[in-house]
Amino acid sequence: MSRIPQFDQDLLELITKIDYDEAFDVYYRRVKPHLIGFPKQVISEWLYRHDNFIDRFGHHDLLRWSFEEAIFTTQDIFEVNLFPSKKVSVLDVGNHIWRDQWIRESEPALSLRNTGTFPSPIIIFKNAQEYVDHCGENHIGPYHLAEGHKRWGYMNAIVNYPERCDLIKPLKAEHKVYLLTMNGNM
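These numbers come from a predicted model, not from an experiment. (Residues numbered from 1 in each chain as written. Predicted model: local features only at pLDDT ≥ 70, side-chain atom pairs only at ≥ 80, totals over all residues. Heavy atoms only, no water.)

Next up on the list: the pattern of salt bridges. Under the definition given, this model contains nine salt bridges. For K176, the salt bridge identified is with E69, shortest N-O distance 3.4 Å. One end of the pair, K176, is in strand β4 (residues 174–181); the other, E69, is in strand β1 (residues 66–73), with 107 residues separating them in the sequence. On the basis of relative accessibility, which here comes to 32%, the residue K176 falls in the partly exposed class. Classification of E69 by relative accessible area gives exposed; the value is 52%. One continuous salt-bridge network, built from bridges that share partners, spans E45, R49, E147 and R151. (Salt bridge = Lys/Arg side-chain N within 4 Å of Asp/Glu carboxyl O. Helix = DSSP H or I, 4+ residues; strand = E, 2+ residues; numbered from the N terminus. Buried < 20%, exposed > 50% of the residue type's maximum accessible area, 1.4 Å probe, protein only.)

This brings us to the sheet that holds strand β3 (residues 143–147). Pairing is mixed in the open sheet, where four strands are placed in the order β1-β4-β2-β3. The open sheet has two free edges, formed respectively by β1 and β3, since each of these has just one partner strand. Along the sheet, successive strands turn relative to each other by an average axial angle of 40°, direction set aside. Looking at chain direction, β1 and β4 are connected through eight bridges and run antiparallel. Bridge pairing links F67 to L180 in β4. Along the sheet face, helix α3 (residues 40–48) touches β1, β2 (122–126), β3 and β4 and points at about 80° away from the line of β4. Running over the sheet, helix α10 (residues 149–160) touches β2, β3 and β4 and is turned about 115° from β3. (Pairing = 2+ DSSP bridges. Axes fitted to C-alpha atoms, helices over the stretch in contact; angles between N-to-C directions. Contact = heavy atoms within 4.5 Å.)

Next up on the list: the packing of aromatic side chains. Across all of its chains, the model carries 16 aromatic pairs by this definition. Ring geometry for F53 and W65: centres 6.3 Å apart, planes at 80°, overall edge-to-face. Here F53, found in helix α4 (residues 53–57), pairs with W65, found in the loop between α4 and β1; they are 12 residues apart in sequence, far enough to count as distant. You can call W65 buried: its relative accessible area is 4%. Pairing F57 with W65 gives two aromatic rings, centres 6.2 Å apart and planes at 75°, and the pair type is edge-to-face. The exposure classification of F57 matches that of W65, with both residues buried. Taken together, F38, W46, F53, F57, W65, F67 and F125 form an aromatic cluster joined through their ring pairs. It is K17 that lies over the ring of Y48; its NZ or CZ is 4.5 Å from the centre. The ring of Y28 carries the charged tip of K40 above its face, separated from the ring centre by 5.0 Å. (Phe/Tyr/Trp six-rings, centres within 6.5 Å; stacked < 30°, edge-to-face > 60°. Lys NZ or Arg CZ within 6 Å of the ring centre and 35° of its normal.)

Considered as a void within the structure, the largest pocket measures approximately 770 Å³ in volume. Taken together, 37 residues line the largest pocket, and the ones lying closest to its centre are H50, K86, G148, H149 and K150. Elements that contribute at least two residues to the lining of the largest pocket include exactly α3, α4, α6 (84–94), α8 (101–104), β3 and α10. Sorting elements by how many residues they give to the lining of the largest pocket places α6 first, with five residues. In the lining of the largest pocket, the residues fall into 16 nonpolar, 11 polar and 10 charged. (1 Å grid on protein atoms, 1.4 Å probe; cavity = no way out; pocket = protein on both sides within 12 Å on 5 of 7 lines; lining within 4 Å. Points joined across faces, edges and corners; volume = space filled by probe spheres on them. Nonpolar A, V, L, I, M, F, W, Y, C, P; charged D, E, K, R; others polar.)

Remember, this is a structural readout, not a statement about activity or role.
Right, here's the structure in full:
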């Protein structure tokens, strides 16, 4: 029986923000040489913006992850899986786009309303059913939402309650996403 190797702790320390106020440009210059193949938007939206990234994904071999840009229709996006326990709360948060004027007028809801698509692509695990999240649950395939839960929820609310969202433009038919293939250790 093979033993799963420990993840590179040096890399995890390196991709941790130096402090809460570290500017993204400084952070990006520091981590980019170590995260070959990670798109800038993935680093910005996921590693930099989410302080819990390492707690949630540090048990995976990040250096074996690969990303590809893809185009999904709105319907394709709604067929992306979420853990059932999380989906209910994500849908509720999404409904804040019509419940709360501040949210409606702030990013990412504002871009969805003004441009009809995400301000930055959501990130989707591709065929990651063999891999577990930080709680030990296997991801759901073939597509499982990795990052962009608010954007997914807002889009859902726009489609399901268009009269409440005061859209300036309708949603576009297609949206850029990043597909993440995890590879490596489970």
